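The residues making up each chain are set out below.
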Amino acid sequence: MLERSDLAGNALSALHDEDYDRPYNLQNLNAETLIFTSGRNGRSLDGDWNFCVDLLDTGLRQKWFALAPVASSERTEPWDYDPFDGDTVPVPSCWQMLNERWYFFEGSAWYTRSFSHDLPPEKRLFLRVGAAQYDCKVFLNGQFLGNHYGGSTPFCVELTEAVGSGENWLMLCVNNRRTRDRLPMRNTDWFNYGGVYREVELFETPQTVIRDLFLYLHDDGIHVEATIDGPATEAHLAIPGLGLTATLDLSKGRARTVLQAHPDLWSPESPVLYDVTLSAGGDSVSDKVGFRRIERRGTSILLNGQPIFLRGISVHEDDELQGKLTSEEDIRRRFAHARELGCNFLRLAHYPHHEMAARIADEMGLMLWEEIPVYWAIDFANPATRHDAENQLSELIRRDRNRASVIIWSVGNENPDTDERLDFMKGLADRARAEDPSRLTSAACLINHHDLVIEDRLAAYIDVIGINEYYGWYEENFSDLEAVGANSHPDRPVVISETGADADHIAGPDTGLFSLAYQADYYRRQIEILRKLDYVKGMTPWILYDFRVERRQGIYQRGFNRKGLIAADKKTRKPAFDILAAYYAERAEKP
Ligand code: GCB
C-alpha cells in the first residue's frame, strides 16, 4: 500500500466540486495593500519559473499548491502536475509569445519558484507583482495568501508570517480568461495576452512601512499626504532642492500638510524634477517629483496658467515579438517616435501601461493621458464589476500620481449611454478626483451619428470630452465631421482621443481602403476639418504602431489592427506619419 496524503482524497472529491475556486477569489490584494516602492532596494524574483497551462483549473481543484516539494520520483500519488519539475518560462513574459501552442490559450497557468530569505526578527517582507493578466492567486509554502483582479496594475502581498528560514516555494496561479464581469470584458480590440508580464520583487521593511506618499502643487503650496502602517508616530519629509524639511504628525497612520514653496514649474519645455525623501520609524522612500498645475477653464486646458494644445498620439503596450512585455528601450523608442511626430502628449490606451512610461515621460517632458480598461460593453449593473473598476482606478492613481507628466485620468472608452453606465462612470470620475484633486478627468465619449452632434450625458461629469471619431473610415463621409463640428457647442475642452484608418504596408492595395494612400489622404482631410474647431484642444490619433488583435482577420489585417502610422516592426513609417508631423510642427508654432 502507498502512504497517501489527504490530497489524494481531495483530488477525487474535487471532481464534483464546481465551487472549487470560491475560497481563492477574496480580492484581498488591492489598492489598500500596496506599499510605496519608489527608492527602495527590491530583490528581483525575475528569471526562470516552472510553468504549466491549466485549462480546466485542475490545479485549484486538486490543490497543487499543497504538494510537498519532493522529487517527482518520490511521490506516492498519481499527480497530474508536479510544480517543482518540468518546463520553465522566463518571468516577466506573455505565454502567447513563448510557444505556438499557447497562442490562443485562455485560462489558468501556474508559475512556481523557490527563494531563500533570512528575514531578521522585527522585519517585514512584501512581494510586489508589477502586473499579471488578469486574476493572480498567490501561495507561499502551500498557504493561500490572497488574490488580485486587474491585469495592468501592481499589487503587493505581505509574506512576513508565511516566509520560512530555509527554501520557500512561491506559486502564482494566473488566469486571463475573458468573462462578462471583468474589465475589460469579453470583447476588445487588443490582444488578450496572459501571464506575469511585469517585474516581481521582494521588499524588506522595518515594522513601520510607508504605504503611500503623494505630493502635488496647489494655490497654497505643495500638498503632502502620506499613509504609514506601523508603530511610528511621525514622519520626516525633505525636498533638498527647495531647502525644505518638515516633520509630519501621524494620526491613525495618516499625515497631511501643506508646505509653502515656490518650485520651478515642470513643463514640456522645462521638465524640472525634485528629489523627495520620506522616512518614518526606520523606513524610508524617495521619489523624483515635478510640480505643475493643470486646469481647465471654459474650453481651454491650461498648463501652469497657459493655454495649451495637446499634440498627441495614442499607443498600445504591444510588441510583435514580446506581446505586452516592454522594456525601457521599447518605451524610449516609442517616445522618441512620438517626439519625431512633434508630440507633446500621448494617450496610453486602454489600460495602465508599465510604470516606467510615466517616469520616462516625466524626465522627457511629455504629457500623458492614462486610463483603465472600462472599454465598450462593461457589466455596468454588476456591483462586483464596479468594485473591480474602482480598485483598478485607485491602484493606477496611487502608482502614478507623483508623475507630473500625467495630466488626465480617463475613466472609460466608448461605452453605451445607459443609466447604469452613467452612474458607474460618474462614480469613477468622483473617485479619480477624491484620489487626486490635481488632475483632469476624461473619457472617450459618444457622438450621436444620426443627429451629428457630440452627445453623451457623461460629458457633464468630466473635465475633458474625449471623442473617438472615424469619419471617412467607419463613418462614410468626411463632411459629416464638419456637421458634428458645427452642431456641437461643448462647454469644456474636447480632445479627439481617436481618429485613424488602416493601411497595410505589405500587401495593401495602391488606392482605396487599407492603402497607404488612403490613410494619408484620411489624415489630410481630418486635419483640414479639425483645425477649424476652436473647442478642440488636442488630438491623439489612432495609433502610433500597428498592434496585434484577435478580431482583425481581413486579408490586409492578418491578426493586426493596421491603423499605425508606423508598422508593427516599429520601424517602417507610413506616409501619414509625415502629414501629421507637418500639422504638429505648425501647431507647435501656433498653439
Ligand atoms: C476604437 C477603439 C479602439 C479601436 C479603434 C479601431 O474606437 O477605441 O480600441 O482599436 O476604434 O481601430 O477601430
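Up top you'll find the structure we're talking about.
Keep in mind that what you see is a predicted model, and the values were worked out from it rather than measured.

Colleague: Residue-level account of unusual backbone geometry, with values.
Modeller: Gln-133 connects to Tyr-134 through a cis peptide bond whose omega is 10 degrees. Within the secondary structure, Tyr-134 sits in the loop between β6 (132-133) and β7 (135-140). Even without being a glycine, Asp-57 presents a positive backbone phi close to 60 degrees. Mapped onto the elements of the fold, Asp-57 is located in the loop between β2 (47-54) and α2 (58-62). Look at Trp-376: it is not a glycine, yet its phi comes out positive at around 50 degrees. Within the element layout of this structure, Trp-376 appears in the loop between β25 (367-371) and α5 (383-400). Judged by its relative accessible area of 18%, Trp-376 is buried.

Colleague: Hey, could you go over the site of the ligand for me, with residue numbers and the actual values?
Modeller: Around the ligand sit 14 residues, and of these Asp-189, Tyr-375, Glu-414, Tyr-474 and Lys-563 come closest. Taking Glu-414, its side chain carries an N or O atom lying 2.2 Å from an oxygen atom of the ligand. At 2.6 Å, a side-chain N or O of Glu-498 approaches an oxygen atom of the ligand. When the ligand sits alone it has 320 Å² of accessible area, and the protein chains cover 97% of it.

Colleague: Quick one: what's the story with the pairing of strand β3 (residues 88-91), residue by residue and with numbers?
Modeller: The two faces of β3 differ: Val-89 and Val-91 on one face are buried, but Thr-88 and Pro-90 on the other face are not. Taken together, the four bridges between β2 and β3 define a ladder with antiparallel strand orientation. When the sheet's bridge partners are listed, Trp-49 is paired in β3 with Val-89.

Colleague: Please provide a residue-by-residue account of the side chain of Asn-344, values included.
Modeller: With respect to the element layout, Asn-344 can be found in the loop between α3 (328-341) and β24 (345-348). Given a relative accessible area of 9%, Asn-344 falls into the buried group. Side-chain polar atoms of Asn-344 contact the backbone oxygen of Phe-309, separated by 3.1 Å.

Colleague: Report on the packing of aromatic side chains, specifying residues and quantitative values.
Modeller: One pass over the structure, following the stated rule, counts 34 aromatic pairs. Geometrically, the ring pair formed by Phe-139 and Phe-144 is tilted, given 5.4 Å between the ring centres and 50 degrees between the ring planes. A relative accessible area of 21% means that Phe-144 is categorised as partly exposed. Three or more aromatic residues joined by ring pairs make a cluster, and in this case those are Tyr-24, Trp-64, Phe-65, Tyr-81, Trp-110, Phe-139 and Phe-144. Just above the ring of Tyr-461 sits the side chain of Lys-426; from NZ or CZ to the centre is 4.8 Å. Above the plane of the ring of Phe-191 lies Arg-548, whose end atom (NZ or CZ) is 6.0 Å from the centre.

Colleague: Residue-level account of the sheet that holds strand β8 (residues 143-149), with values.
Modeller: Judged by pairing direction, the sheet is antiparallel, and its six strands sit side by side in the order β3-β2-β4-β10-β7-β8 without closing on themselves. The open sheet has two edge strands with one neighbour each: β3 and β8. Within the sheet, the average angular offset between the axes of one strand and its neighbour, ignoring direction, is 30 degrees. Taken together, the nine bridges between strand β4 (residues 108-116) and strand β10 (residues 167-175) define a ladder with antiparallel strand orientation. If you follow Tyr-111 over to β10, its bridge partner there is Leu-172.

Colleague: Any details on the pattern of salt bridges? Residues and values, ideally.
Modeller: This model, assessed by the stated rule, comprises 54 salt bridges. Of the charged contacts in the structure, one is a salt bridge between Arg-334 and Asp-330, with a shortest N-O distance of 2.8 Å. One end of the pair is Arg-334 and the other is Asp-330, both in helix α3 and four residues apart, which spans about a single turn. As far as the burial class goes, Arg-334 and Asp-330 line up, both buried. The salt bridge partner of Asp-456 is Arg-421, with a shortest N-O separation of 2.7 Å.

Colleague: Account for the sheet that holds strand β15 (residues 234-239), naming residues and giving values.
Modeller: Read from one edge to the other, the open sheet built from four strands follows the order β16-β15-β18-β19, with strand pairing classed as antiparallel. Lying at the two open borders of the sheet, with one neighbouring strand each, are β16 (244-249) and β19 (283-289). Within this sheet the neighbouring strands show an average axis-to-axis angle of 15 degrees, counted without direction. Pairing geometry for strand β18 (residues 274-280) and β19, over seven bridges, is antiparallel. Pairing of Asp-275 across the sheet is with Lys-288, part of β19.

Colleague: Any chance you could break down helix α1 (residues 6-13) for me, citing the residues and the numbers?
Modeller: If you check which residues of α1 are buried, you get Leu-7, Asn-10 and Ala-11. The buried residues of α1 occupy an angular sector of 105 degrees when the element is viewed end-on, so they sit on one face. Looking at α1, the residues exposed on the side facing more than 90 degrees away from the buried face are Asp-6 and Leu-12. Buried residues belonging to α1 abut α2.

Colleague: For the nonpolar core, give the residues involved together with the corresponding values.
Modeller: Judged by nonpolar contacts, the single largest core of 87 residues is most densely connected at Ile-313, Phe-335, Leu-341, Leu-346, Val-374, Phe-424 and Leu-580. Considering each element in turn, this core owes the most residues, seven residues, to helix α9 (residues 575-589). Residues in contact with Val-374, not counting those within four places in the same chain, are Leu-183, Phe-380, Ala-389, Val-411, Gly-412, Asn-413, Asn-415, Phe-424, Met-425 and Leu-428.

Conventions and cut-offs
Residues numbered from 1 in each chain as written. Predicted model: local features only at pLDDT ≥ 70, side-chain atom pairs only at ≥ 80, totals over all residues. Heavy atoms only, no water. Helix = DSSP H or I, 4+ residues; strand = E, 2+ residues; numbered from the N terminus. Buried < 20%, exposed > 50% of the residue type's maximum accessible area, 1.4 Å probe, protein only. Near = heavy atom within 4 Å. Polar contact = N/O pair within 3.5 Å; in protein donor to acceptor, adjacent residues only side chain to side chain. Areas by Shrake-Rupley, 256 points an atom, 1.4 Å probe, with all protein chains shown as cover. Pairing = 2+ DSSP bridges. Phe/Tyr/Trp six-rings, centres within 6.5 Å; stacked < 30°, edge-to-face > 60°. Lys NZ or Arg CZ within 6 Å of the ring centre and 35° of its normal. Axes fitted to C-alpha atoms, helices over the stretch in contact; angles between N-to-C directions. Salt bridge = Lys/Arg side-chain N within 4 Å of Asp/Glu carboxyl O. Arc of directions from axis to C-beta. Contact = heavy atoms within 4.5 Å. Core = buried A, V, L, I, M, F, W, Y, C linked by side-chain atoms within 4.5 Å.

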